[in-house]
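# Results of the structural survey
The chain contents come next:
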Amino acid sequence: MTHSNGLKVLIAEDEEAMRGYLARALENAGYDVVAVDRGTEAVPLLEAEDFDLLLSDIVMPEMDGIELAQRCGEVSPHTKVMFITGFAAVTLKASREQPQAKVLSKPFHLRDLVLEVERVFEDKLQMTV
């Protein structure tokens, strides 16, 4: 059983293999993870629960990651946002529309993902030590 750091991450990723891969990596690093396969499923969770980070694919059916990040900003403003994408052009759009969000381009190493998430939480993790 891995020790939880008390931080909750919501993953929105429509690709099942990738979703499982991300969830396992973050759970192994001590995060509490909830994973859904679309943005429209993520919104009610953001409204109902307290998440520290939204990790979202940008290109998804029904509601893309940028739209989801905007909704997240409305319903859960303290939740930090991080995007993952395999498309360079989409990265540019995300950086323009959500400048405070970190964008990770696929393919990336799981270790890099965990490091980036830890970087997002640096201030929070230091306070708990």
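A few points on the structure.

## As for the sheet that holds strand E3 (residues 53–57)
A sheet is described by the order of its strands in space; here five strands give the open sequence E2-E1-E3-E4-E5, paired in parallel fashion. The open sheet has two edge strands with one neighbour each: strand E2 (32–36) and strand E5 (102–105). The sheet shows a mean angle of 20° between the axes of neighbouring strands, direction not considered. The pairing of strand E1 (residues 8–12) with E3 spans four bridges and is parallel. When the bridges of E3 are listed, Ala12 appears paired with Ser56.

## Concerning helix H3 (residues 65–75)
For H3, the set of buried residues is Gly65, Ile66, Leu68, Ala69 and Cys72. For H3, the arc enclosing every buried residue in end-on projection is 155°, short of the 170-degree limit, so these residues lie on one face. If you follow the buried residues of H3, they end up packed against E1, helix H2 (39–48), E3, strand E4 (80–85) and helix H4 (88–97). Where H3 begins, one side-chain oxygen reaches toward the backbone nitrogen of Ile66, 3.2 Å away; that side chain belongs to Asp64.

## Let's talk about unusual backbone geometry
A cis amide bond links Lys106 with the next residue in sequence, Pro107, at an omega value of -5°. Topologically, Pro107 is positioned in the loop between E5 and helix H5 (110–120).

## Structural notes on the packing of aromatic side chains
Tallying each qualifying case throughout the model produces one aromatic pair. It is Lys8 that lies over the ring of Phe51; its NZ or CZ is 4.9 Å from the centre.

## Observations concerning the nonpolar core
If you look at the biggest cluster of nonpolar residues, it comprises 22 residues, and the most contacted ones within it are Leu10, Leu46, Leu54, Leu68, Val81 and Phe83. Broken down by secondary-structure element, the contributors of at least two residues to this core are E1, H2, H3, E4 and H4. If you look at the next biggest cluster of nonpolar residues, it comprises 21 residues, including Met18, Tyr31, Leu104 and Val117.

## A short note on the pairing of E1
In terms of burial, E1 is largely enclosed, as four of its five residues are buried. As paired elements, E1 and E2 share five bridges and run parallel to each other. The partner of Ala12 across the bridge, within E2, is Val36. Handedness of the E1-helix H1 (residues 16–28)-E2 crossover: right-handed.

Criteria and thresholds
- Residues numbered from 1 in each chain as written.
- Predicted model: local features only at pLDDT ≥ 70, side-chain atom pairs only at ≥ 80, totals over all residues.
- Heavy atoms only, no water.
- Pairing = 2+ DSSP bridges.
- Helix = DSSP H or I, 4+ residues; strand = E, 2+ residues; numbered from the N terminus.
- Axes fitted to C-alpha atoms, helices over the stretch in contact; angles between N-to-C directions.
- Buried < 20%, exposed > 50% of the residue type's maximum accessible area, 1.4 Å probe, protein only.
- Arc of directions from axis to C-beta.
- Contact = heavy atoms within 4.5 Å.
- Polar contact = N/O pair within 3.5 Å; in protein donor to acceptor, adjacent residues only side chain to side chain.
- Phe/Tyr/Trp six-rings, centres within 6.5 Å; stacked < 30°, edge-to-face > 60°.
- Lys NZ or Arg CZ within 6 Å of the ring centre and 35° of its normal.
- Core = buried A, V, L, I, M, F, W, Y, C linked by side-chain atoms within 4.5 Å.
- Right-handed = clockwise from strand over helix to strand, strands pointing away.

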